[in-house]
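Analysis of the macromolecular model
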Amino acid sequence: LVSGLGQASSAIGATFVVKIMKWQPLSDQAQKMTWSFYRRNMVVVGAAFAASLCFGNAGYMYLTVSFVQMLKAFTPCVVVAMLYVTGVDSPSQKVSLSVLGMSLGTVVASLGEANFNLLGFLIMCCAETAEATRLVLTQRLLCNLRFGAFEGLYLMAPICALWMWGLACFLEVPRVMAKGDFQRIRDHFPIFCFAALLGFAVNVASFLVIKRTSSVMVKLLGTARNAGLVLFSALAMGEEVTGQQALGYTICLLFFGCYNYYKLTETKAVPSQSAADAEAGEAGEELLRG
């Protein structure tokens, strides 16, 4: 319910920017969009986003906070693999080796988990697969079709909110109604409004990062944040972090740094800007016709 609130506020905010104020009006690509294209892309993005949150939150029921954050460090590896398989992006050899290094670190950390739970591990694997699917499809839409950040939110946020609140109707609403917890929304209404605004800001920032860099960078920035969470859970919450876990997570972070270095320094031969724009436009038209 709370996560869906952020998507709903994003849909309202994007509609205000795109339709009411027309600060970023819909492009020709978006206006030519067919229902078949929307169903095969936007609906899947919404479903993947809802699934990633649902499985991601369920993982905390079986695993420690620190171990969940360590497993999330593996998500960039899944994203890179899906980018390559779908043809959205082709990583260089050095970038691929950095991703493999992060995978190795995740394996080492998993083998060193003192309270390992197979069900929780499988749930987190589902969460990471769903998150990678969402990010790859979002990058494909924002870059190949050249959608703007607010334009992408205008098209994707409503279906994401619908998926998430639809799941909440079965998983959360009956329990909340039985406990009478809806009264908390009224009691803490300003806090919920602030949470909605933060959700809108986070979604806009995420879309801008994907459009300007890549979907992998979003998860790599999340990896850096997760490192702080692991440290906090160990020092402040008293969760057990074994030496092998610490070694595995250190390997992840080292190769995370290598990935950023290679991405920033590698030079690729690219066509001229005009040729690139024409190619992107043709790709967008082909996607929409498909």
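So, how was this worked out
Along each chain, the written sequence defines residue order, and numbers are assigned to residues from 1. For a predicted model such as this one, the threshold for reporting local features is a pLDDT of at least 70, and the threshold for listing and counting side-chain atom pairs is 80 or more; totals across whole chains, interfaces and linings nevertheless cover every residue. For the side-chain quantities, the full set of heavy atoms in the structure was used; hydrogens and water were omitted. Helix and strand assignments follow DSSP, with helices taken as H or I runs no shorter than four residues and strands as E runs no shorter than two, numbered in order from the N terminus. Per-residue accessibility, obtained with a 1.4 Å probe over protein chains only, is compared with the maximum for each type, and a residue is labelled buried under 20%, exposed over 50%, and partly exposed between these values. Any two residues whose heavy atoms approach within 4.5 Å are treated as being in contact. Residue-level accessible areas treat just the shown protein chains as cover; the underlying method is Shrake-Rupley with a 1.4 Å probe. For every residue, the predictor assigns a confidence score, pLDDT, that lies between 0 and 100. What makes a nonpolar core is a set of buried Ala, Val, Leu, Ile, Met, Phe, Trp, Tyr and Cys residues whose side-chain atoms join them at distances within 4.5 Å. Multiplying 1.5 Å by the residue count of a helix minus one yields the expected span of that helix. The angle between axes fitted to the seven-residue stretch ending at a residue and the seven-residue stretch beginning at it gives the bend at that residue. Helix axes are fitted to C-alpha atoms over the stretch in contact, other axes to C-alpha atoms as well, and angles between N-to-C directions run from 0 to 180 degrees. Orientation categories follow fixed angle ranges, with anything under 35 degrees roughly parallel, anything over 145 roughly antiparallel, 65 to 115 roughly perpendicular, and all other angles oblique. Crossings are sorted by hand: turned counterclockwise from the far helix by less than a right angle, the near helix makes the crossing left-handed, and turned clockwise it makes it right-handed. All amino acids are sorted into three groups, where Ala, Val, Leu, Ile, Met, Phe, Trp, Tyr, Cys and Pro are nonpolar, Asp, Glu, Lys and Arg are charged, and the leftover types, Gly among them, are polar. With a 1 Å grid laid over protein atoms only, a set of points is called a cavity when a 1.4 Å probe fits there but cannot get out and a pocket when it is open yet has protein on both sides within 12 Å along at least five of seven lines; lining residues have an atom within 4 Å of a point. Grid points are joined across faces, edges and corners, and a volume is the space filled by probe spheres set on the points. Any two rings among Phe, Tyr and Trp, with Trp reduced to its six-membered ring, count as a pair given centres within 6.5 Å; such a pair is stacked if its planes are under 30 degrees apart, edge-to-face if over 60, and tilted if neither.

Details of the overall build of the protein
Counting its secondary structure elements, the protein contains 14 helices and zero strands. Reading the protein from its N terminus to its C terminus gives the helix and strand order α-α-α-α-α-α-α-α-α-α-α-α-α-α. Expressed as a percentage of its 290 residues, the buried residues of the protein come to 45%. A sequence separation of at least 24 residues applies to 87% of the contacts in the protein between residues at least 6 apart. Accessible surface computed for the protein: about 15,200 Å², of which carbon and sulfur atoms make up 68%.

Concerning the side chain of Glu151
On the secondary structure map, Glu151 appears in helix α8 (residues 149-171). Discounting residues that sit within four places of it in the chain, Glu151 has contacts with Val18, Gln24, Leu26, Ser27, Ala30 and Arg146.

Here's the deal with the environment of Ala130
Mapped onto the secondary structure, Ala130 falls in helix α7 (residues 118-144). Remark: the alpha-carbon pair of Ala130 and Ala48, spanning 82 residues in sequence, is separated by 4.9 Å. Apart from residues no more than four positions distant in its own chain, Ala130 is found in contact with Ala48, Ala51 and Ser52.

Structural notes on the confidence of the model for the protein
In this model, the protein carries a mean pLDDT of 77, and residues with pLDDT of at least 70 account for 81%. For the protein, helix α14 (residues 273-289) is the element with the lowest average pLDDT, namely 48, and helix α1 (residues 2-20) is the one with the highest, namely 85. Counting interchain partners and residues more than four positions distant, the pLDDT-below-50 stretch residues 269-278 has two contacts.

Regarding the nonpolar core
The biggest cluster of nonpolar side chains holds 27 residues, and the ones touching the most others in it are Met33, Met42, Leu141, Phe147 and Leu153. Secondary-structure elements contributing two or more residues to this core are α1, α3 (35-59), α7, α8 and α11 (189-212). In terms of residue count, α8 provides more of this core than any other element does, eight residues in total. Those residues in contact with Leu153 that lie beyond four places of it in its chain are Ser10, Ala14, Pro158, Phe200, Asn203, Val204 and Phe207.

Observations concerning α8
Taking 1.5 Å as the rise per residue, α8 with 23 residues should run 33 Å; its terminal C-alpha atoms sit 31 Å apart, in good agreement. The largest bend in α8 comes to about 35°, at Met156, with the proline Pro158 one to four residues further on. Taken together, the buried positions of α8 are occupied by Ala149, Glu151, Gly152, Leu153, Leu155, Met156, Ala157, Ile159, Cys160, Ala161, Met164 and Ala168.

Focus: the side chain of Asn203
Mapped onto the elements, Asn203 comes out in helix α11. Beyond its immediate stretch of four places on either side in the chain, Asn203 contacts Gly6, Gln7, Ser10 and Leu153.

Side note on the packing of helix α5 (residues 75-86) against helix α6 (residues 93-111)
Helix-helix packing is characterised by the crossing angle of the two axes and by the distance between the axes. Here α5 crosses α6 at 140°, and the two axes come no closer than 9 Å. One finds that α5 runs oblique with respect to α6. α6 is crossed by α5, and the crossing has left-handed handedness. In this structure, α5 contributes Pro76, Cys77 and Val80 to the contact, and α6 contributes Val99, Met102 and Ser103. Taken together, the residues of the contact of α5 with α6 break down into five nonpolar, one polar and no charged.

Digging into empty space enclosed by the protein
In this approach the atoms are scanned with a rolling probe the size of a water molecule, which exposes any empty space left behind. Tallying each qualifying case throughout the model produces two cavities of 30 Å³ or more. Looking at the largest cavity, its volume works out to about 70 Å³. What lines the largest cavity is simply Gln7, Val45, Phe49, Arg134, Thr138, Leu153, Met156, Ala157, Cys160, Asn203 and Phe207. Every element with two or more residues in the lining of the largest cavity is listed here: α3, α7, α8 and α11. Residue contributions to the lining of the largest cavity peak at four residues, all from α8. Along the lines of polarity and charge, the residues of the lining of the largest cavity split into seven nonpolar, three polar and one charged.

Notes on the packing of aromatic side chains
Within this structure, the stated rule accounts for two aromatic pairs. Measuring from ring centre to ring centre gives 5.8 Å for Trp35 and Tyr38, while their planes differ by 20°; the resulting arrangement is stacked. Of this pair, Trp35 and Tyr38 are both found in helix α3, three residues apart, which corresponds to roughly one turn of the helix. Under the relative-accessibility criterion, Tyr38 is labelled buried at 17%. For the ring pair Phe150 and Phe200, a centre distance of 6.3 Å and an interplane angle of 50° mean the geometry is tilted. Here Phe150, found in helix α8, pairs with Phe200, found in helix α11; they are 50 residues apart in sequence, far enough to count as distant. The exposure class assigned to Phe200 is buried, which follows from its relative accessible area of 19%.

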